[in-house]
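Chain and residue survey
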Amino acid sequence: MSSRINIIKPGNLNNDRISSWFTLRNHKNVHPENTIPGLNIGLNTDESSSIVLENRRLLLEEIGVNENEIAYAVQVHETEVEVVEEGGIYLNKDAFITNKPGLALAIQVADCAAVLFGDSRNGVIAAAHAGWRGAAGGIVPKTIHYMKDLGSEPKFIKAYVSPCISLKNFEVGEEVAVQFPDEFIHRQNFSKPHVDFKAFIRHQLMEAGVPAKNIEIDPHCTISDDNFYSYRRQKKESGRMMGIIKINR
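Now for a look at the structure at hand.

About the cut-offs
- Residues numbered from 1 in each chain as written.
- Predicted model: local features only at pLDDT ≥ 70, side-chain atom pairs only at ≥ 80, totals over all residues.
- Heavy atoms only, no water.
- Buried < 20%, exposed > 50% of the residue type's maximum accessible area, 1.4 Å probe, protein only.
- Helix = DSSP H or I, 4+ residues; strand = E, 2+ residues; numbered from the N terminus.
- Arc of directions from axis to C-beta.
- Pairing = 2+ DSSP bridges.
- Axes fitted to C-alpha atoms, helices over the stretch in contact; angles between N-to-C directions.
- Contact = heavy atoms within 4.5 Å.
- Core = buried A, V, L, I, M, F, W, Y, C linked by side-chain atoms within 4.5 Å.
- 1 Å grid on protein atoms, 1.4 Å probe; cavity = no way out; pocket = protein on both sides within 12 Å on 5 of 7 lines; lining within 4 Å.
- Points joined across faces, edges and corners; volume = space filled by probe spheres on them.
- Nonpolar A, V, L, I, M, F, W, Y, C, P; charged D, E, K, R; others polar.
- Patch = residues over 30% accessible without salt bridge, like charges linked within 9 Å, V, L, I, M, F, W, Y side chains within 5 Å.
- Areas by Shrake-Rupley, 256 points an atom, 1.4 Å probe, with all protein chains shown as cover.
- Salt bridge = Lys/Arg side-chain N within 4 Å of Asp/Glu carboxyl O.
- Polar contact = N/O pair within 3.5 Å; in protein donor to acceptor, adjacent residues only side chain to side chain.
- Parallel < 35°, antiparallel > 145°, perpendicular 65-115°, else oblique.
- Left-handed = near helix turned anticlockwise from the far one by under 90°.

1. Thoughts on helix α5 (residues 197–207)
The set of residues buried in α5 consists of Phe197, Lys198, Phe200, Ile201, Gln204 and Leu205. Mapping the buried residues of α5 onto a view down its axis gives an arc of 160°, with all of them on the same face. Gly209 sits one or two residues past α5 and shows a positive phi near 105°.

If you want it as structure tokens, here you go:
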């Protein structure tokens, strides 16, 4: 845990070759001029861009990432994946892949899952934004496919699934429920269908060849735990958290 900014460091994706982080809401770090309290890093929120950019600067300073060596996505809840070799802002992307040492990949979320992937043996990393549309559309296996194109082997990939919406709180309509296999839809004790989103992502990872022992699923629910931003809970008052992964030099 950071001394100034509260950050989760995934246990399976922090070693000599790979570093990774997931930010908390940090809502007690309040600046008087903030519209959205805490460490909001989302430029797509109702917050001044200057404040969001300052929050990003503070975060990168805290974790030791160069601001010119991080790739940000303008996410669109689709399945577009891109191999990147330099930092910057990439439009209409929901996943990044790289094998370039020193380059960090960033994904922002608030109820969706940030899925971080790392193959230390072959020096390939990835970060994906898995909302329900992207997950149902196959962004997780698609990301692994792109990793394989760069020389990664699924049996060596380790994956971290960030805090996101839980089964208890992921109530959906039938039009969403039919997008997922029946085994991940729970109807008993609920008036409407509920999706076990974390279990579905774990299933996709394993189907793509990632060993179960290499998968870390964070237990926190963004809706139930106010240490995290939640769009479902806070609506326009919600900021965004960020998942970041990089290959160490």
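2. Considerations on the sheet that holds strand β4 (residues 81–83)
Strands sit in the order β4-β6-β9-β8-β10-β13 across an open sheet of six strands; the sheet is mixed. Single-partner strands in this sheet number two, and they are β4 and β13 (215–217). Going across the sheet, the axis of each strand differs from the next one's by a mean of 10°, ignoring polarity. Of the pairings in the sheet, the one linking strand β6 (residues 95–98) to strand β9 (residues 124–130) comprises four bridges and is antiparallel in character. Directly across from Ile97, in β9, lies its bridge partner Ala126. Helix α3 (residues 139–149) rests against β4, β6, β8 (113–119) and β9 of the sheet, and its axis sits at about 160° to β9.

3. Comments concerning the nonpolar core
The nonpolar side chains of soluble globular proteins are, as a tendency, buried together. Within the largest apolar cluster, 37 residues are counted, with the highest numbers of intra-cluster contacts made by Ala113, Phe117, Ala130, Phe197, Ile201 and Leu205. Of all the secondary-structure elements, those providing two or more residues to this core are β6, β8, β9, α3, β10 (158–161), α4 (174–177), α5 and β13. With sequence-adjacent residues up to four places away left out, Ile201 is seen in contact with Ala113, Val115, Ala130, Val140 and Val161. If you look at the next biggest cluster of nonpolar residues, it comprises 27 residues, including Ile8, Tyr90, Ala114 and Met241.

4. Remarks on the environment of Val74
Within the secondary structure, Val74 is located in strand β3 (residues 70–74). For the pair Val74 and Tyr90, spaced 16 residues apart in sequence, the C-alpha to C-alpha distance is 6.0 Å. Ignoring anything within four residues of it in the chain, the contact list for Val74 reads Ile89, Tyr90, Leu91, Asn92 and Lys93.

5. Focus on the layout of surface pockets
A probe matching the size of a water molecule, rolled over the atoms, marks out where space remains unfilled. Space inside the largest pocket adds up to approximately 640 Å³. Taken together, 27 residues form the lining of the largest pocket, with His77, Ala110, Cys112, His129 and Arg240 sitting closest to its centre. Within the lining of the largest pocket, the residues separate by chemical class into 16 nonpolar, six polar and five charged.

6. Section: a nonpolar patch on the surface
There is a patch of nonpolar side chains on the surface, built from Val74, Ile89 and Leu91 and spanning about 290 Å² of accessible area. The residue Ile89 is located in strand β5 (residues 88–91) in this model.

7. Some remarks on the side chain of His194
As for its placement among the helices and strands, His194 is situated in strand β12 (residues 194–195). Within polar-contact distance, the side chain of His194 engages the backbone oxygen of Leu167 at 2.9 Å. Those residues in contact with His194 that sit more than four places away from it in its chain are Leu167, Lys168, Asn169, Phe170, Glu171, Phe184, Ile185 and His186.

8. Focus: the packing of α3 against α5
Axis separation between α3 and α5 bottoms out at 9 Å; the angle between their running directions is 30°. One way to sum up the angle between α3 and α5 is to call them roughly parallel. Considering the relative orientation of α3 and α5, their crossing is right-handed. Across the interface between the two elements, Val140, Pro141 and Ile144 of α3 pack against Ile201, Gln204 and Leu205 of α5. Looking at the contact of α3 with α5, its residues break down into five nonpolar, one polar and no charged.

9. Some details on the pattern of salt bridges
For the structure on display, the rule yields five salt bridges. A salt bridge links Lys93 to Glu82; the nearest nitrogen and oxygen atoms lie 3.1 Å apart. Taken as a pair, Lys93 in the loop between β5 and β6 and Glu82 in strand β4 lie far apart in primary sequence, eleven residues in all. Across the pair Glu174 and Arg187 runs a salt bridge, and its minimum N-O distance is 2.7 Å. Of this pair, Glu174 sits in helix α4 while Arg187 sits in the loop between β11 (185–186) and β12, and the two are 13 residues apart along the sequence. Classification of Glu174 as partly exposed rests on a relative accessible area of 41%. Given a relative accessible area of 43%, Arg187 falls into the partly exposed group. Put simply, Glu54, Arg57 and Glu61 are held in one network by salt bridges that share partners.

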